[in-house]
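A closer look at the structure
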Amino acid sequence: MAETEGRSTYEMHPLPHSGNVVQGEKYRITVLTDRLFRFEYSESGQFEDRATQIVWFRDLGEVSYTVRRTEYALELETDALILRYDEQKFSTAGLSAKLKGAPRECDPEWFYGRKSKNLKGTARTLDEADGAVELSDGILATDGFAVLDDSETIALTQDGWIAPRQEEEDFYLFAYAHDYRGALRDYYRLTGRTPMLPRYALGNWWSRYYEYTQESYQELMKRFDEEKVPFSVAVIDMDWHLVNIDPKYGDGWTGYTWNRELFPDPKAFLEWLHERGMKTTLNIHPASGVRAYEEAYPEVARAMGIDPETGETVPFDVTNCRFIRAYFEKLLHPLEEEGVDFWWIDWQQGTHTRIPHLDPLWMLNHYHFLDSGRKGDRPMTFSRYAGPGSHRYPIGFSGDSVISWDSLQFQPYFTATASNIGYGWWSHDIGGHMLGEKSDTMQVRWVQLGVFSPIMRLHSSKCEFSGKEPWNYRPEAREAVDEFLRLRHRLIPYLYTMNRRAYEEGEPIVEPMYYRYPEEPGAYPARVYIWDGHPNQYFFGSEMIAAPITTDLIASVHMGKTQVWIPEGIWHDFFTGLRYQGGRCMDLYRPLASIPVLVRAGGIVPMTQEIFGRAPEQNPASLEIRMYGGANGSFTLYEDDGASEDYRSDVCVRTRFELDWDHSEVVLRAAEGELTLIPQARSYTVCLMGVRENVPHVTSGGEKLQVSVSYESMMGCLRISLPETAVTEEIRIGFAEPLTLNDNHEKERLFALLNQAQTDNPSKENAYAAYLQAQDKAAALTQMRAVGLEEEIYGAAAEIIAAGSR
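The shown structure was predicted, so the numbers you read here are calculated from the model rather than taken from an experiment.

The next point concerns helix 13 (residues 777-786). For helix 13, every residue scored as buried is listed here: Ala780, Leu781 and Met784. Along helix 13, the residues classed as buried sweep out an arc of 95° about the axis, all on the same side. Looking at helix 13, the residues exposed on the side facing more than 90 degrees away from the buried face are Ala778, Thr782 and Ala786. Elements in contact with the buried residues of helix 13: helix 11 (746-756), helix 12 (761-773) and helix 14 (791-802). Count one or two residues on from helix 13 and you reach Gly788, which has phi positive near 85°.

Spelled out as structure tokens, the structure:
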């Protein structure tokens, strides 16, 4: 990205392939792919060729198609679709499209103006939401067709600025049937890729709307160190700047001058955070402009042609290029020189400017993101969603939600569904922001959702009773929160590889189940079909299914419950080791210490124990590689410098890990790429999960390696600790016996469940005896129900007994 006259420019290719355009006097049809079309109708016969705030790339390659004119219509045919158009103003009777070979559940024919069965997209904000909010449409639909309207946007000019666009009707038809991933990939090709986040963004963020002082914030971070709870981002809410200002200037929400009563030495404060491995973002509400009490006011005023002696407020005007330059160069850049790493744009003041269809939030997101990369750093901003195309400006701030079970219940569905408009990096107020009630259980469940979310950011208001410090909770809850916050940092090698996957392959880290199982009813949320669906489970990266628990504990079992649709195949629970045979729906019960997270057989999850004392961008010298038994699998770990734009040139390291289940072998391939980016030697711990005990033999470069081996039977975890080895060496692990799956330890798990169950002892004794005496699993379940075991205790028992079979 370069700069021209203080404005950022960026790569755009808005003109289509010349052979892909069919044009009449007042219409233009662009064939972008065999399933993606642009339709324009203009009474003036003038059409928009520039990029818009949504669409930047219209040349997606030459497409094979035919055109013929009948007596009544133009017919355009591709390999996937037949389009009919009467060459008049778009109408239901005059414009239609028919899919070839559509799945049974799709409606094969689309008509202009028809409301599709859209799978929805996302919303601008969850501000003040206490549960579900209405979502805008995405580019996926169960009936096979979705429309993206680009008529009421603004155009982008080649010099990096904006302009009103040509007045016309302008929309894109996505006709991808149930090829949801194909539709999303082409959406990214049309609108631009999701950029990679800097590595530090994937750790824990500490955020609170609170009047911290420099000293109190440092003491808080030291307390986290003592508690061994890691954080990588410090979010400083609006009290960093002057808030209690002279009423003649209005309110204190907008500000750019440090409150030195609270932060006497801002530069030293930010340096201190950097030294402990944390990046910092400051909150800004820019709507009130720049007022005379600000330290930077004289320079900003002069830049805008205002005499500073007048004290005249410099109005906030994103349509004024001169103001945008002063806003960045005079207000924000000096603060960045002190050590601010990125900005939290807290815009809540509407969607209109003096330029028709120009949303000020979109302008802020666009120019903040581009400006943050002006020195070659990996750009990032933190702001609300501003419509389709916003995925180019991560990270999304979802706003100030109410602390309630209803808010928690909605967020998994909300996060996954946002991928339907390409928006993969939402950051929620984990634990909720305001109002609500105190519930340690709810807070733990919210943190667990946060760890298995795109971004993990704790947040709360100034209410003294809503702080998210783990020591505010009862011991059981505190322990669970601490462990999950540590887990988030242990997962960064996996998360960072998924960060690359989102950029390179167009697959967001959180994906709805129907992306991979479009013809399975159980993969869809209840909001789509009549039956009871599963809105709150999703794929978390390539290897995991997460199913957060969003309801309170059940007293009789002291567990939470959620219903999960488990796809065909073998799946291992990440936390409990319980193995499931898929192809069905099951009620899954979990204590406060875990939620259902299932890893497919053959799944591989790279992790690290190095969660303290390293710079956020630094790649670890030791890795734990979890490999889940039952099928062949492979995983390629991606690493780079974690901070620069070099990733766009593929300056990186890739290391492939393989589980050959069929031949009972594990291979850790030599690292490939720019090896200076990683430690030159690494120690690996390979954890084979869900397997029986075995004896490994390990070689590297033809030499046998001495290893440490342990085994944990309940998890079926065969842990093989390898010595430090050069990353240029390949490591092979064979076994004395063929690898086989561990059993599920039903008897031990069932006894532990009944032992803790809060009910009468005779019914527990009868149930356990019925299980021991039963001839098979079906009989055991029948007899245990017959003895009158309380319903939820029976449900938890049934999960254990039935998990490994159907």
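Now that the structure has been shown, we can carry on.
Following Pro394, the chain continues into Ile395 via a peptide bond in cis, with omega recorded as 25°. Structurally, Ile395 can be placed in the loop between strand 20 (382-383) and strand 21 (396-397). One non-glycine residue with positive phi stands out, namely Lys120, at about 70°. Assignment of secondary structure puts Lys120 in the loop between strand 11 (109-111) and strand 12 (146-149). Even without a glycine there, the phi angle at Asp650 is positive, about 60°.

With that out of the way, let us pick up the packing of helix 12 against helix 13. One way to put it is that helix 12 packs onto helix 13 with a least axis distance of 8 Å and a crossing angle of 160°. With respect to each other, helix 12 and helix 13 are oriented roughly antiparallel. In the crossing of helix 12 with helix 13, the sense of the turn from one axis to the other is right-handed. When helix 12 is examined against helix 13, the residues Ala767, Ala770 and Tyr771 are found in contact with a partner set consisting of Ala780, Gln783 and Met784. Of the residues belonging to the contact of helix 12 with helix 13, the class tally is five nonpolar, one polar and no charged.

So, on to the pattern of salt bridges. Close approach of charged atoms lets side chains of opposite charge pair. Tallied over the full model, the rule gives 68 salt bridges. A salt bridge links Asp150 to Arg165, with the nearest nitrogen and oxygen atoms 3.8 Å apart. Placement of the pair is Asp150 in the loop between strand 12 and strand 13 (154-156) and Arg165 in the loop between strand 14 (162-164) and strand 15 (169-174), with a sequence separation of 15 residues. Taking the relative accessible area as the measure of exposure, Arg165 reaches 8% and is therefore buried. Residue Lys561 pairs with Glu792 through a salt bridge whose shortest N-O separation is 3.3 Å. Within this pair, whereas Lys561 is found in strand 27 (residues 560-566), its partner Glu792 is found in helix 14, the two being separated by 231 residues in sequence. A residue is classified by how much of its surface remains accessible, and Lys561, at 27% relative accessible area, is partly exposed.

Turning our attention to the pairing of strand 36 (residues 665-668). With four bridges joining them, strand 35 (residues 653-660) and strand 36 adopt antiparallel strand pairing. Residue pairing across strands places Phe657 opposite Leu668, the latter belonging to strand 36. Taken together, strand 35 and the strand that follows it, strand 36, pair antiparallel across an intervening segment of four residues, in which Ser664 is found at a positive phi of about 55°. For strand 36 and strand 44 (residues 731-735), the ladder comprises three bridges, and the chain directions are antiparallel. Considered in strand 44, the bridge of Val667 is made with Arg732.

About the thresholds
Residues numbered from 1 in each chain as written. Predicted model: local features only at pLDDT ≥ 70, side-chain atom pairs only at ≥ 80, totals over all residues. Heavy atoms only, no water. Buried < 20%, exposed > 50% of the residue type's maximum accessible area, 1.4 Å probe, protein only. Helix = DSSP H or I, 4+ residues; strand = E, 2+ residues; numbered from the N terminus. Arc of directions from axis to C-beta. Contact = heavy atoms within 4.5 Å. Axes fitted to C-alpha atoms, helices over the stretch in contact; angles between N-to-C directions. Parallel < 35°, antiparallel > 145°, perpendicular 65-115°, else oblique. Left-handed = near helix turned anticlockwise from the far one by under 90°. Nonpolar A, V, L, I, M, F, W, Y, C, P; charged D, E, K, R; others polar. Salt bridge = Lys/Arg side-chain N within 4 Å of Asp/Glu carboxyl O. Pairing = 2+ DSSP bridges.

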